[in-house]
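So the chains spell out like this:
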Amino acid sequence: MNTSVYLSNRNVMVVTGSGGPRSARIRKAWRLELPEGLIINGIITNDTELTQQLQQFWKENQIPVKKVILVLESSRLISKRIEMPKLKDKKIYEILPNEFTDIEDQQGTVYDYMSLTQQRNKAEIRAVATPRSYVNEFIQLFSKIGVSLSCITLGRSCLFHVLASMKRFRKKNVVFQILDGSSMTSILYSDGSVEYSTQRRIFGGTEIGQVASEIVRSVSSLQQFQITQGKNDPITEVYLAGVQDGVVEACQESIHSLGDGIQVSALCLEKNVKFPGGAEEGAGYLFPIGGLMPGKKEINLAAVTKRKVKKKKESAGIMKLLSLPLILLIGCSAITGALYVQNHVKQMDLDDLNAYLTNESNLEQVARANYLEGENASLQRRISSVENMNGIIASYPLMNSQVVSALQSGASGYAQVSVVSYNAESGLLTVKATADEVTKINQFIDRLQGTGLFERLDYKGYTYDEKELTYTINVSCYLAEMAGK
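Quick caveat: nothing in here was measured; it's all calculated off a predicted structure.

A.B. asks: Explain the side chain of Thr130 to me, please; I cannot follow it from the model alone.
C.D. replies: Topologically, Thr130 is positioned in strand S9 (residues 122-131). A polar side-chain atom of Thr130 sits 2.9 Å from the main-chain carbonyl oxygen of Arg76. Sequence-distant contacts of Thr130, defined by excluding residues within four places in its chain, comprise Arg76, Leu77, Gly108, Thr109, Val110, Val135 and Leu301.

A.B. asks: What should I look at first to understand the sheet that holds strand S2 (residues 11-19) in this one?
C.D. replies: Strand pairs in the sheet, formed through backbone hydrogen bonds, run parallel or antiparallel to each other. Taken together, 6 strands build an open sheet; the order of strands is S10-S6-S1-S2-S3-S16 and the sheet is mixed. Strands with a single pairing partner mark the edges of an open sheet, and in this sheet they are strand S10 (149-154) and strand S16 (273-274). Summarising the sheet, strand S3 (residues 24-33) and S16 pair through 2 bridges and their orientation is parallel. Within S16, the residue paired with Arg25 across the bridge is Lys274. Docked against the sheet, helix H1 (residues 47-61) engages strand S1 (2-7), S2 and S3, running at close to 135° with respect to S3.

A.B. asks: When you look at the nonpolar core in this model, what are you seeing that I'm missing?
C.D. replies: Taken as a class, soluble globular proteins show a tendency for nonpolar side chains to be buried jointly. Counting 49 residues, the largest nonpolar core has Leu7, Trp58, Phe142, Ile152 and Leu301 as its most contacted members. Looking at which element gives the most residues to this core, the answer is helix H3 (residues 132-144), with 6 residues. With near-sequence residues (within four places) excluded, Leu301 lies in contact with Leu77, Val110, Asp112, Val128, Thr130, Val135, Ile152 and Leu154. Formed by 34 residues, the second largest nonpolar core is a distinct cluster that contains Ile178, Ile187, Val194 and Phe275.

A.B. asks: I tried to follow the pairing of strand S13 (residues 193-201) on my own but got confused; where do I start?
C.D. replies: As a general feature of sheets, a regular strand has side chains that alternate between the two faces. Taken together, the 8 bridges between strand S12 (residues 183-190) and S13 define a ladder with antiparallel strand orientation. In the sheet register, Met184 faces S13, and the bridge partner there is Arg200. Here S12 folds back onto S13 in antiparallel fashion, the turn holding 2 residues, of which Asp191 has a positive phi close to 50°.

A.B. asks: Help me understand a nonpolar patch on the surface, please; the structure alone is not making it clear to me.
C.D. replies: A contiguous nonpolar surface patch, about 240 Å² in accessible area, is contributed by Val438, Tyr459 and Tyr462. Tracing the backbone through its elements, the reader meets Tyr459 in strand S19 (residues 454-465).

A.B. asks: Could you clarify how one ought to interpret the packing of aromatic side chains in this entry?
C.D. replies: We describe a pair of aromatic rings using the distance from one ring centre to the other and the angle between the two ring planes. Summed over the entire model, instances satisfying the criterion amount to 14 aromatic pairs. Here Phe57 and Trp58 contribute two aromatic rings whose centre-to-centre distance is 6.0 Å and whose plane-to-plane angle is 80°, an arrangement assigned as edge-to-face. Neither residue differs from the other here; Phe57 and Trp58 are each classed as buried. The residue whose ring lies beneath Arg31 is Tyr285, and the NZ or CZ to ring-centre distance is 4.7 Å. The ring of Tyr113 carries the charged tip of Lys297 above its face, separated from the ring centre by 4.3 Å.

Parameters and conventions
Residues numbered from 1 in each chain as written. Predicted model: local features only at pLDDT ≥ 70, side-chain atom pairs only at ≥ 80, totals over all residues. Heavy atoms only, no water. Helix = DSSP H or I, 4+ residues; strand = E, 2+ residues; numbered from the N terminus. Polar contact = N/O pair within 3.5 Å; in protein donor to acceptor, adjacent residues only side chain to side chain. Contact = heavy atoms within 4.5 Å. Pairing = 2+ DSSP bridges. Axes fitted to C-alpha atoms, helices over the stretch in contact; angles between N-to-C directions. Core = buried A, V, L, I, M, F, W, Y, C linked by side-chain atoms within 4.5 Å. Buried < 20%, exposed > 50% of the residue type's maximum accessible area, 1.4 Å probe, protein only. Patch = residues over 30% accessible without salt bridge, like charges linked within 9 Å, V, L, I, M, F, W, Y side chains within 5 Å. Areas by Shrake-Rupley, 256 points an atom, 1.4 Å probe, with all protein chains shown as cover. Salt bridge = Lys/Arg side-chain N within 4 Å of Asp/Glu carboxyl O. Phe/Tyr/Trp six-rings, centres within 6.5 Å; stacked < 30°, edge-to-face > 60°. Lys NZ or Arg CZ within 6 Å of the ring centre and 35° of its normal.

This is the structure we're talking about:
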């Protein structure tokens, strides 16, 4: 029996059981809601508090500490699908760094992969790259509470394992929306394989109406993506997991307007996955359940991080040729000179060592070295903290001149627009927009949407200024994650 742990920004989900590529049997399941701010985008920001929370959780529930699989979703885990000739495992590991050429610190990075499909002469894999230090953080975190990690793998891959095992979706075009706190994973699943997947944060809150709006917007985007890929078969079903009561009903009418016949349902597990709380409750544990359903070649960042680089052995033939003459030469020289110089040399060495150890300059250097070692450790901790914060900052949109220029370009000819303020926490960009003609307002809103800058536009109508003879447009703009980058 194995234990699978999914660790996200706000939740810890744990299941114990057994499984394979097509089935799983879950014995027990636990869930812990973490205080806000301990983990952000999969990056540990409060190691001490997180350790205490996990230690207490493990102790209270008597969760197993061996054969533990850790499932992660993080901005530090860079993954991509790669098509390549069919190669042996060793050769694939050799070429993986070449697929991540934008990573500067190749020596400090670990790589792994899982097999997706294989044909006669080619194969498709999902590769992942991440800093070795990032993996070691989690190995050390769980080691502090006495848990030994046998595997660290990707959350998105675990989701795919569970979905691929469900027979009823294999010949359909469906969308899955899996919520975990303020994070939403969207998957377009077509003809038994994942066509596209993405994960993003929900900025506006977790109220039913807000969550439903985010889901509808995501389904619409996936629908447009499918059209651009030349897929003629429409999306027929949308399945939701991890949502509160009322969200399914709130989504149905809006999603139905995107295309006739699209049905919205709560996701339930099939009979191949046994869950103690039932099929619908089990759909809220997809990430850790997928950790118990590995493929033939699974991603295991814990294993690749622990590997040591083997040094090349020197030529044995040359050593054999040189060893005997070298031994004879050293032996003869030692015997000849030992009786003559042994006492004299040892006394000189002893004098030199005593002089070195009592030298004031050397003592000062030792004290200086100890001081610098302490300073270096302090700087390393600061660097690690800055790197973590950089990862957090990189996940937010940038409000810069690039955004302003694109905004004004999109409004050109339709409205006059200027930036009033920007709230980095919520992503809300407040703008002042006016138009001379009422007929141009809807066209202006459409052009704003077409810029790709915004995750969401809330248009609330317009007002007419009789003094200025202009229409003031009431619109709230929420920047998309990649805006300004």
